[in-house]
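# Observations on the model geometry
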Amino acid sequence: MMKKIYSILLLALVFQSCDNFDEDININPNLPSQASGTQLIANAELYLPGLSSSPRGEFFAQYLAETQYVGTSLYPQESTSFYSYYQGPLENLQTVLNNQENLSSTEGPVDNQVAVAKILRAYFYWNITDRWGDVPYKEALMGSENFTPVYDTQQSIYLDLFQELKEATSMMMAGKINNDIVYDGNMDNWRKLANTIRLFMALRLSEVDPDLAQTEFTEALSDGVILDNADNLVYNHLAEANNQNYWYGQVVNQNREWWALTEKLVSHMLPVGDPRLEVYGNPARANNNFVGLRYGEEEAIGTEEYSLLGSAIYAQDAPVYLVTAAQVYFAIAEAASRGWVGESAEENYNMAIEQSFLQWTGSSEGVDSFLSQPEVAFDANNAIESIANQRWVHLYMHGYEAWSEWRRTGFPTGFTTPNGAEIPLRLSYPDNESFNNSDNYEEAVNRQFNGEDLIYGRVWWDQ
């Protein structure tokens, strides 16, 4: 079924611009001449794994180190473009929202199509603003009407996204939508996802606006969130070239064994017998042991001596985990530790690790003995650190999310500073913005970072 949906989607995109004939000559009724609302939503979903599948994200969280051609992991000052998000998924989703009156109910209730578009749009914008800071938002995606949008403050974007997600869930009705390659049109899954995104966004504000954070967190939790791996936001790749995992293309197709597990990750997992390690990486070929590479190492590098990416991680059809039940339980544990909710922090912490085991290994076998170890057991006196350390282990291969959580909490500690370079605190804006949108770009840089568009400026919630 999923392959059929992908095929239809690709055909729709090919023919999207082929509707310029004066008459309906040569129109094949079996091939759409313009992408429908759900096809545009599906195309936006194709961009989801790119939010996670990135060497830079893995470097910022120090999950992976470079085995050769060491460069990007040394944290050079460089710009990073956000244009592909605006020109790809956000443009598709905005088209759906701008043309609600033209959406076809034959593809599912129109309100549900709009709700899903809102949720996805919010999720992409959340990722964008957390990486860059203030970004074009309300004046973005207006096409020829406005090529130079202002940069909205991250605070205002957060407030608007909270409302967007609430509006999305409030308008949902019975009935599935077509062409949904993530949840197969199941609106109950989309409702839980929207509330879970709100939950994570609320937690992100724990240090900058704890009152708002608590309010939004408890409301989202009450409205119903993801509590089982079956409801996770997962992008399932296919065992075919048109929709394969990013890392398969790198490791297998291009024969790039450029990444090994870091010394920090292996030293955190190996001594406690963490079974996820066998999924995360392969034993070093030189000695069949798990050996981590010191992050930022430039001389003692190689592909034989260290544990490279796990075979399951770069399989052609390997899934990408984006929003998961384990993250939710970690979040609830932290909220309980902060006094926001009356639940047990320890029980939710334990449940988070159990869900993580199930997600990564397919089994919860050994989780009780794992949790009984002093290095792993929940420490109520250092609750945030306990939670953050295990959340970091769980978020492997979703480096940007782990990096955001590190920026917020300061844990784990002990990351490497290659050549004295600290972990960046944001992404610098695209180079082109200083030319294409100079006034708004300069205003945003001056407002946030005292005129310097550097990777060590702090975003609003990281103060």
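This section reports on the structure supplied with the text. Every chain begins its residue count from 1, and numbering advances along the sequence as written. Given that this is a predicted model, residues contribute local features only at a pLDDT of at least 70 and side-chain atom pairs are listed and counted only at 80 or more, while totals for whole chains, interfaces and linings are drawn from all residues. Working from all heavy atoms in the structure, the side-chain values ignore hydrogens and water.

## Examining the pattern of salt bridges
For this document, the term salt bridge refers to a Lys or Arg side-chain nitrogen within 4 Å of an Asp or Glu carboxyl oxygen. Applying the stated criterion to the full structure yields 28 salt bridges. Salt-bridge contacts for Arg198 lead to Asp223; the nearest nitrogen and oxygen are separated by 3.0 Å. Of the two residues, Arg198 sits in helix H7 (residues 187-204) while Asp223 sits in helix H8 (residues 210-223), which places them 25 residues apart along the sequence. For Asp223, a relative accessible area of 44% puts it in the partly exposed group. Of the charged contacts in the structure, one is a salt bridge between Glu443 and Arg447, with a shortest N-O distance of 2.4 Å. Only DSSP runs of H or I with at least four residues qualify as helices, and only runs of E with at least two residues qualify as strands; both kinds are numbered from the N terminus onward. Working definition: with a 1.4 Å probe on protein chains only, accessible area under 20% of the residue-type maximum means buried, over 50% means exposed, and in between means partly exposed.

## Focus: H7
Helices are assigned an expected span. That span is 1.5 Å times one less than the residue count. The first and last C-alpha atoms of H7 sit 26 Å apart over 18 residues, in line with the 26 Å expected at 1.5 Å per residue. Of all 18 residues in H7, 15 are buried; the element is thus mostly enclosed. Backbone nitrogen of Asp188 and a side-chain oxygen of the N-cap are separated by 2.9 Å at the start of H7; the cap is Asn186. N or O atoms within 3.5 Å of each other form a polar contact, as long as, within protein, one can give a hydrogen and the other can take it, and as long as residues adjacent in sequence are counted only when both atoms are side-chain atoms.

## Brief notes about the nonpolar core
What is meant by a nonpolar core is a set of buried Ala, Val, Leu, Ile, Met, Phe, Trp, Tyr and Cys residues, joined one to another through side-chain atoms within 4.5 Å. Leu48, Leu64, Trp190, Phe217, Leu309, Tyr396 and Tyr429 are the most contacted members of the largest nonpolar core, which has 139 residues in total. Among residues more than four places away in sequence, those in contact with Phe217 are Leu199, Ala202, Leu203, Ala331, Ile332, Ala335, Trp340 and Val341. Between two residues, a contact is recorded if the distance between any of their heavy atoms is within 4.5 Å.

## Overview of the side chain of Asp453
Position of Asp453 relative to the elements: it lies in the segment after helix H18 (438-449). Judged by its relative accessible area of 14%, Asp453 falls in the buried class. For Asp453, the side chain forms a polar contact with the side chain of Arg426, separated by 2.7 Å. With near-sequence residues (within four places) excluded, Asp453 lies in contact with Gln77, Arg426, Ser428, Tyr429, Tyr441 and Val445.

## Some points on the packing of aromatic side chains
Stacked, edge-to-face and tilted labels apply to pairs of Phe, Tyr and Trp rings (six-membered ring for Trp) whose centres lie within 6.5 Å, assigned for plane angles under 30 degrees, over 60, and everything in between, in that order. Taken as a whole and judged by the stated rule, the model has 35 aromatic pairs. Relative to Phe378, the ring of Tyr349 lies with its centre 5.3 Å away and its plane at 50°, an arrangement referred to as tilted. Of this pair, Tyr349 sits in helix H13 (residues 345-361) while Phe378 sits in the loop between helix H14 (367-371) and helix H15 (383-394); the two residues are 29 residues apart in sequence, bridging distant segments of the chain. Looking at Phe378, the relative accessible area reads 15%, which means it is buried. An aromatic cluster of three or more residues is present, and its members are Phe82, Tyr83, Tyr86, Tyr125, Trp132, Tyr137, Tyr151, Tyr429 and Tyr441. Two limits define a charge over a ring: the Lys NZ or Arg CZ must be within 6 Å of the ring centre, and within 35 degrees of the ring normal. The positively charged end of Arg426 is found above the aromatic ring belonging to Tyr429, 4.7 Å away from the centroid.

On their own, these measurements won't tell you what the molecule is for.
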